[in-house]
Amino acid sequence: MKIKNIERRFLMQFISVIVGLILWVVLVYIEDASFETTLKDIPIQLNGETALLNNDLLVVNKSSVGESAISVRGKRSDIINSMDDISATIDVSKITVPGVYNIKVDYELATNAIYITEKKTSSVEISVERMQSRDFDVKVIQQGVAVPDKLIESQITQDKISVKGSSGDISMIDHLAVFVDISTITHETVARYAVKAVDKDNKEIKFTDDVYMAADGIDVTNIAHKKIKVPVKADLRDADKRCVLKLESISESEVYIGVDSDISVTELKAIVNYDEKNTEYTVELENVDGVYIPPESRTVTVKIKADLIEEQYISVPLNVKKADGQQYNAPSEVTLRVRGAASDIIASNITAEIDITGHGTGFFSAEVNVTFKEATLSLAEKQFITVNIE
């Protein structure tokens, strides 16, 4: 008896649910009563941006314009069927000068069966800026590892491109870049690559506003050169010849370069023109026809020491070159007038010698032959010694 009561109660509950569902369907889809509701998150579109651009103007921080909301009335089915087709727009075509503007929002409904009872968002505030324009360097960023024994030279058709945008976005750009995968290049190829705005670390910039490039792609010619390593030699030059220049250090003693098959290169020069103000120089390696020097290897840092050229008198041992059995009387040392850096004018850097072979007995004047261990030293004047051959 108890079980039957439970079954009866469950049956009645089930019937109640079914009846309620039927009544809901009747009310919603048959009666379709009119009601009012608020529709939110309607995106606001901008009309007339072309006219702004023609005046070099730009709406900044468009994302802050946000979305709009309205209240509408109509039959439930009409609202449901048209809610995705409701549009909200603001017209910016009449703006001709930078500034902050409060613009009316215009709404358009997809059907006359519903109508707006309240504009929750009737206007929005926008900021308009004069576009900034700058020319940026275009750099090739090679990615991947080149085929062994190959060095890839990437030549671009444009080295600068103009970019327009808000001052905030333009200030984030360090340069423009094209990214080239060199891992499969084995011969000369020409391809078009996209141009990206990047920061100083070559990371692509995500802009807040619209940015316009004069060219969003350029052609790149990739040339596969033979890869070799050559030494780098510092060529130190003093135009006034007043100082002795000595190399203290160079940042790269050898570099990889690309050459054509018929080119022979034994070294690259780093030419330093001394200016009496600096002892450290960043210089570009000397260009050689038919040689490709990668951008990362084109400059080296050279540190030098500069000593003022002086003239000093110094006494050094005198060597005598003679024939077997020759007897002579000559001084054991000679005083020389030498030109060079004071620190180099020392006896151990200088050799003095006279040659008496082939001379007969008697007195004669022999020129002193002087050699230097330091190439920067020189003899300021010739020196002669009187020798008595017995």
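Thresholds, definitions, all that
Residues numbered from 1 in each chain as written. Predicted model: local features only at pLDDT ≥ 70, side-chain atom pairs only at ≥ 80, totals over all residues. Heavy atoms only, no water. Helix = DSSP H or I, 4+ residues; strand = E, 2+ residues; numbered from the N terminus. Buried < 20%, exposed > 50% of the residue type's maximum accessible area, 1.4 Å probe, protein only. Polar contact = N/O pair within 3.5 Å; in protein donor to acceptor, adjacent residues only side chain to side chain. Contact = heavy atoms within 4.5 Å. Pairing = 2+ DSSP bridges. Salt bridge = Lys/Arg side-chain N within 4 Å of Asp/Glu carboxyl O. Core = buried A, V, L, I, M, F, W, Y, C linked by side-chain atoms within 4.5 Å.

> Looking at this structure, how should I read the side chain of Ser-154?
Relative to the helices and strands, Ser-154 is located in strand S10 (residues 150-156). Residue class for Ser-154 comes out buried when judged on its relative accessible area of 15%. Within the local environment of Ser-154, its side chain forms a polar contact with the side chain of Gln-142, the two groups lying 3.1 Å apart. Within the local environment of Ser-154, its side chain forms a polar contact with the side chain of Asn-222, the two groups lying 2.7 Å apart.

> Would you take a moment to explain the side chain of Asn-222 for this structure?
Mapped onto the elements, Asn-222 comes out in strand S16 (residues 217-237). Taking relative accessible area as the criterion, Asn-222 reaches 0% and is therefore assigned buried. Of the polar contacts made by the side chain of Asn-222, one reaches the side chain of Tyr-193; its length is 3.3 Å. With near-sequence residues (within four places) excluded, Asn-222 lies in contact with Ile-152, Glu-153, Ser-154, Val-180, Ile-185, His-187, Glu-188, Thr-189 and Tyr-193.

> Where do I start with unusual backbone geometry in this structure?
Unlike most non-glycine residues, Asp-41 shows phi in positive territory, near 60 degrees. On the secondary structure map, Asp-41 appears in strand S1 (residues 34-47). Residue Asp-41 is classed as exposed on the basis of its relative accessible area, which comes to 56%. In this structure, Asn-61 takes a positive phi of about 55 degrees despite not being glycine. Its location among the elements puts Asn-61 in the loop between strand S2 (57-60) and strand S3 (67-75). Overall, the relative accessible area of 38% leaves Asn-61 in the partly exposed class.

> Looking at this model, I keep getting lost on the sheet that holds strand S14 (residues 196-198). Mind explaining?
Paired through backbone hydrogen bonds, the strands of a sheet run either parallel or antiparallel to each other. In space, the 5 strands of this open sheet follow the order S14-S12-S9-S11-S15, with mixed pairing throughout. Across the chains shown, the open sheet's two edge strands, defined by having one partner strand only, are S14 and strand S15 (212-213). Across 2 bridges, strand S11 (residues 160-165) lies against S15 in antiparallel orientation. Residue pairing for S15: Lys-164 is matched across the bridge by Tyr-212.

> Is there a simple way to explain the pattern of salt bridges in this structure?
Opposite charge on two side chains allows them to pair when their charged atoms are near. Applying the stated criterion across every chain, the model contains 18 salt bridges. The shortest N-O distance in the salt bridge between Glu-49 and Lys-62 comes to 3.1 Å. One end of the pair, Glu-49, is in helix H2 (residues 49-54); the other, Lys-62, is in the loop between S2 and S3, and 13 residues separate them in sequence. Glu-280 is paired through a salt bridge with Lys-303; the nearest N and O atoms lie 3.9 Å apart. Of the two residues, Glu-280 sits in strand S20 (residues 280-284) while Lys-303 sits in strand S22 (residues 299-321), which places them 23 residues apart along the sequence. Judged by relative accessible area, which is 45%, Glu-280 ranks as partly exposed. On the basis of relative accessible area, Lys-303 is assigned to the partly exposed category, the value being 37%.

> Even after reading the chapter, I still don't get the nonpolar core, so can you show me in this structure?
Nonpolar side chains tend to gather and get buried jointly when the protein is soluble and globular. Counting 23 residues, the largest nonpolar core has Ile-90, Val-92, Ile-95 and Ile-126 as the members making the most contacts within it. Here this core gets 4 residues from one element, more than from any other, and that element is S1. Once you skip the residues sitting within four places of it in the chain, Ile-95 turns out to touch Leu-52, Asn-55, Leu-57, Tyr-101, Ile-103, Ile-126 and Val-128.

> Sorry if this is basic, but what is going on with the pairing of strand S19 (residues 268-273) here?
On any regular strand, side chains alternate: one points to one face of the sheet, the next to the other face. Taking every second residue as pointing to the same face, the buried face of S19 carries Leu-268, Ala-270 and Val-272, while none of Lys-269, Ile-271 and Asn-273 on the other face is buried. Across 6 bridges, S16 lies against S19 in parallel orientation. Note that in S19 the partner of Lys-233 across the bridge is Lys-269.

> Mind showing me how you'd approach the environment of Pro-331 here?
Inspection of the secondary structure puts Pro-331 in the loop between strand S23 (328-329) and strand S24 (333-341). Sequence separation between Pro-331 and Thr-386 is 55 residues; the distance between their C-alpha atoms is 8.8 Å.

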